[in-house]
Each structure stands twice: as structure tokens, then as C-alpha cells.
Amino acid sequence: MKSLKSNQLGPTPPQPEYIIQTLGEVHAGDHICGIFESEEDQISNVTQFLLDGLKAHEKVLYIEDSEDMKDSVLNRMSKDLDWKERIDTKQLIITSSYESYLKDGRFIWENMINLLEQLEKLTIEEGYACLRVTAEPRWILNYTQEDGYTQFVHYECRVNDFFTQHNSMALCQYSMNRWKSAFLLQILTTHPSSLIGKEMFYNFYYIPPVEFLANDLNSSKLKRWLYNLEQRKRTEQTLIQAKEQAVAASKAKSNFLATLSHEIRTPINGVIGMTDILLSMSELNTEAVDCVDSIKSCGTHLITVINDVLDSARFESGKITLENNPLDVHKTVKEAVSICSSSAKRKGLDISLHIDDAVPKSIRGDVTRLRQILGHCLKI
């Protein structure tokens, strides 16, 4: 199949700088289609949308079509702020469809966009950050004007240009229990972003206005969706390549750490072995024995550090394991303190060790992990 190019489809819609993950991340320029299966989801999301705007010093327009829905939203808002005060200061405007969409007795999409432009101008003059709008146009369900549904879908399409070119944003509310699927499918294609339940999505099915309003909408839909499929395939290939590169990099790091640890561990084990030979000699005086013991403890500690590095790689790969062998708690603690003692003395610090009688001398566990914990606790 011949690949579709963007110039065959009209102007390619601008890709978002980032994908909106939550409703709290929306900003000026966003036009979101909220489709809700439950009234609870709708109330919760509308409440959050309004609160976020008021707290961010934005001018908020709430076009309500149901007294019950409005009361539920305002009751929840009252738990966070005094919405009546926000109405008094005109930061929050609550109006009905008959005072907005149907202000002239019938729906005229140009008049609605003019209203938004006037409010956005007022928003700037009053010093608010931007204009935030939300509405559920239930009035369409009882609208008797011919082609009312079609006109409103075209309005939702055209109003995209307003939001992308102005310092404004909108959450358009639609309940799956009130609207027919055919209408919701059309509405979905007119919004760049979608809120389904409580999840945000970059709308894969969005059709830009210039294509949606073309003479042959079905042809525009087909070309756009085929183009989107091609783009999605390229994205999938990019993700696969990125995953393969990440796996290869992780493997290379693990191999490097294993090689490095082997090259370092071998001479250190040789040093520790030599300390064992020195300690077996009877000619050493007490001071010399203490020095050799300290060398051995430091070597053992360095082996532990190497194990820490290896463990970090094992943690990343999910291959970390714990040993369950007999260990001497008192000896392990004394060795950890001995390693730190010389560093403490150089800094003028005194270290004393007291092991309570209740602490068992021998237990079963992972001596390497115990040394790591003690080492982190005794860093000087």
C-alpha cells in the first residue's frame, strides 16, 4: 500500500509537546472531550477541572445544563474553597445554556465563539492567567432546530481553532448514558485530547477542522486514520529499537562490571591471603598483628564494595538473591568498626563499641548484606 503523506491530508495537526497524563496537566490551548460512563466520574472530573482553574488564578466559565449536577459539583468544591466568594469577584462565572449557546433563542455557532472571544479578552484585562471553560450541552437532546446535532458537531470542530489560537482551554462533557453512540463518535473526532472516565488520552481518532469540514468527510476520515496507523507503526518500531538498545546497554554494563570486579577482586584476594600467612607467623608482635588485621579488614571491606557494585546491577536485572548461612554477628560488627576506626582517628573522633548481651553471637543470614548495612551506617 502506498504511504500517505501529510500534504495529501491537508495541514498535519501539530503534535503535542508532551502527552497529557492527567486532567491536572491541561493548559491553555487544550480542547478535551470528556466521555463519562458514570455520573460520579463526571462530577469528580468537573469538580477537579473547576478547582484547578480557580486555584491557578484563571477565569472559569461553568455552563450548566442540570441543577442537580451543578449542586453536586458546587457541594464538593465547597470543601476546598469558597466558590461564592469567587462568584462575587467574577473569577467564577456560572451560567446556563440558554444564556450562552441559545442566547439568541437558537444555536448560532458564530455567536458562541464570539462570546468566548469576549470572555477571553475580559480575562486578560482582569489579569487572570487564562480562560477555562466547561459545559455539558444537554440542551441538544431537546433541540428542535433542523440539523441541530450536525451544527453542534461542526461548532465543536471549529472551536478547536479558537482554543489553539487563544489563551483558553475547555473540557466538554458527554455522558454515555444520555447520548447516542453515532453522535459521540462524531464528537470524539473533533477533540485533540480525550478524557475517558478518569483516564487522559491523546486522541488517535482526531480529525483536524480543515479535513472534518471538507466535502467528503468519510474520505478525510479514512485518509487521516490510515495516516495515523502508519505513524503509530513508526512509533512502535522506534520503541522496539529503543528497548533493544536499552537491553544491549544493560547487558554491556553487566559484562563490564563482572569483568572489572574480577580484575579487582583477584589481587585483593591475594592481599587478603598474604595477611592470613602473616598472621600465622609467630614472630609478629601485638602491634604488627593489629596492623595486619586492619589490612585484612580493609581488603575484606573493599571486596564488599565490589559486591555492592555488582548488586546494583543485579537489582536492575531482578537477579538479587539472599544467602542463608551461619555468621558471627559480633565478629562482623567488630570488623566494620575496625575499618572505620583509622578514618575516625584522623578526624579526631573516638569510636567505642558495646554489644549488648541480648545480641546473639551466631545467626543464619547473609554476611555480605550485613556488612553492607553496617558499612553504610558507619560511614565517616
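Residues numbered from 1 in each chain as written. Predicted model: local features only at pLDDT ≥ 70, side-chain atom pairs only at ≥ 80, totals over all residues. Heavy atoms only, no water.

## Some details on the overall build of the protein chain
Each helix and strand in the protein chain was counted, giving 11 helices and nine strands. Here the C-alpha radius of gyration of the protein chain, 34 Å, is well above what a compact globule of 380 residues would show, namely 21 Å. Taken along its principal axes, the extent of the C-alpha atoms in the protein chain is 110 × 60 × 40 Å. Sorting the 380 residues of the protein chain into buried and exposed places 39% on the buried side. Partitioning the contacts of the protein chain with sequence separation of at least 6, the portion at a separation of at least 24 is 77%. (Helix = DSSP H or I, 4+ residues; strand = E, 2+ residues; numbered from the N terminus. Rg over C-alpha atoms; globule rule 2.2 N^0.38 Å. Buried < 20%, exposed > 50% of the residue type's maximum accessible area, 1.4 Å probe, protein only. Contact = heavy atoms within 4.5 Å.)

## A word on unusual backbone geometry
Most peptide bonds adopt trans geometry, and most residues besides glycine take a negative phi value. Its identity is not glycine, yet His57 carries a phi of approximately 60°, on the positive side. Summarising the element assignment, His57 is placed in the loop between helix H1 (39-55) and strand E2 (59-64). Since its relative accessible area comes to 42%, His57 is described here as partly exposed.

## With respect to a nonpolar patch on the surface
Taken together, the side chains of Met274, Ile277, Leu278 and Met281 define a hydrophobic patch exposed on the protein surface, amounting to about 350 Å² of accessible area. Its place among the elements puts Met274 in helix H8 (residues 217-279). (Patch = residues over 30% accessible without salt bridge, like charges linked within 9 Å, V, L, I, M, F, W, Y side chains within 5 Å. Areas by Shrake-Rupley, 256 points an atom, 1.4 Å probe, with all protein chains shown as cover. Salt bridge = Lys/Arg side-chain N within 4 Å of Asp/Glu carboxyl O.)

## A few points about the pattern of salt bridges
Scanning all chains against the criterion turns up 11 salt bridges. Among the ionic pairs, Glu58 bridges to Arg132, the shortest N-O distance being 2.6 Å. Pair noted here: Glu58 is in the loop between H1 and E2 and Arg132 is in strand E4 (residues 131-135), with a separation of 74 residues, a long-range link. For Glu58, a relative accessible area of 8% translates into the label buried. Note on Arg132: relative accessible area 3%, which makes it buried. The shortest N-O distance in the salt bridge between Arg232 and Glu236 comes to 3.6 Å. With a gap of four residues between them, Arg232 and Glu236 both fall in helix H8, about one helical turn apart. Exposure remark for Arg232: the relative accessible area of 49% places this residue in the partly exposed category. A single network of salt bridges, built from pairs that share partners, joins Glu136, Arg138 and Arg178.

## Observations concerning helix H6 (residues 181-188)
Given 3.6 residues per helical turn, the α-helix brings residues three or four places apart onto the same face. Buried within H6 we find Phe183, Leu184, Ile187 and Leu188. Along the axis of H6, the buried residues cluster in a sector spanning 135°; they form a single face. H6 presents Ala182 and Leu185 as exposed residues on the side facing more than 90 degrees away from its buried surface. (Arc of directions from axis to C-beta.)

## Brief notes about the packing of aromatic side chains
Centre-to-centre distance and the angle between the planes together describe a pair of aromatic rings. All told, the structure shown has 16 aromatic pairs when counted by the stated rule. Between Tyr205 and Trp225, the ring centres sit 5.6 Å apart and the planes meet at 85°, which makes this aromatic pair edge-to-face. Of this pair, Tyr205 sits in the loop between strand E7 (199-202) and helix H7 (209-212) while Trp225 is found in helix H8, placing the two residues 20 residues apart along the sequence. Looking at Tyr205, the relative accessible area reads 40%, which means it is partly exposed. According to the relative accessible area criterion, Trp225 is partly exposed, its value standing at 30%. One aromatic cluster in this structure is built from Tyr101, Phe107, Trp139, Phe152 and Tyr155. Directly above the ring of Phe49 sits Arg132, whose terminal nitrogen or CZ lies 4.6 Å from the centroid. Above the plane of the ring of Phe204 lies Arg232, whose end atom (NZ or CZ) is 5.8 Å from the centre. (Phe/Tyr/Trp six-rings, centres within 6.5 Å; stacked < 30°, edge-to-face > 60°. Lys NZ or Arg CZ within 6 Å of the ring centre and 35° of its normal.)

## Quick notes on helix H2 (residues 67-77)
Every buried residue belonging to H2 is among Met69, Lys70, Val73, Leu74 and Met77, and all of these are buried. The buried side chains of H2 occupy one side of the element, clustering within an arc of 125° when seen end-on. Turned more than 90 degrees away from the buried face of H2, the exposed residues are Asp68 and Asn75. Packing partners of the buried residues in H2 comprise H1, E2, helix H3 (83-88) and strand E3 (92-96).

## A few points about the environment of Thr304
Among the secondary structure elements, Thr304 is positioned in helix H9 (residues 286-317). Taking the relative accessible area as the measure of exposure, Thr304 reaches 5% and is therefore buried. The sequence separation of Thr304 and Leu50 amounts to 254 residues, and the corresponding C-alpha distance is 55 Å. Setting aside its immediate chain neighbours within four residues, Thr304 contacts Thr368, Arg371 and Gln372.

These values are about where atoms sit, not about what they do.
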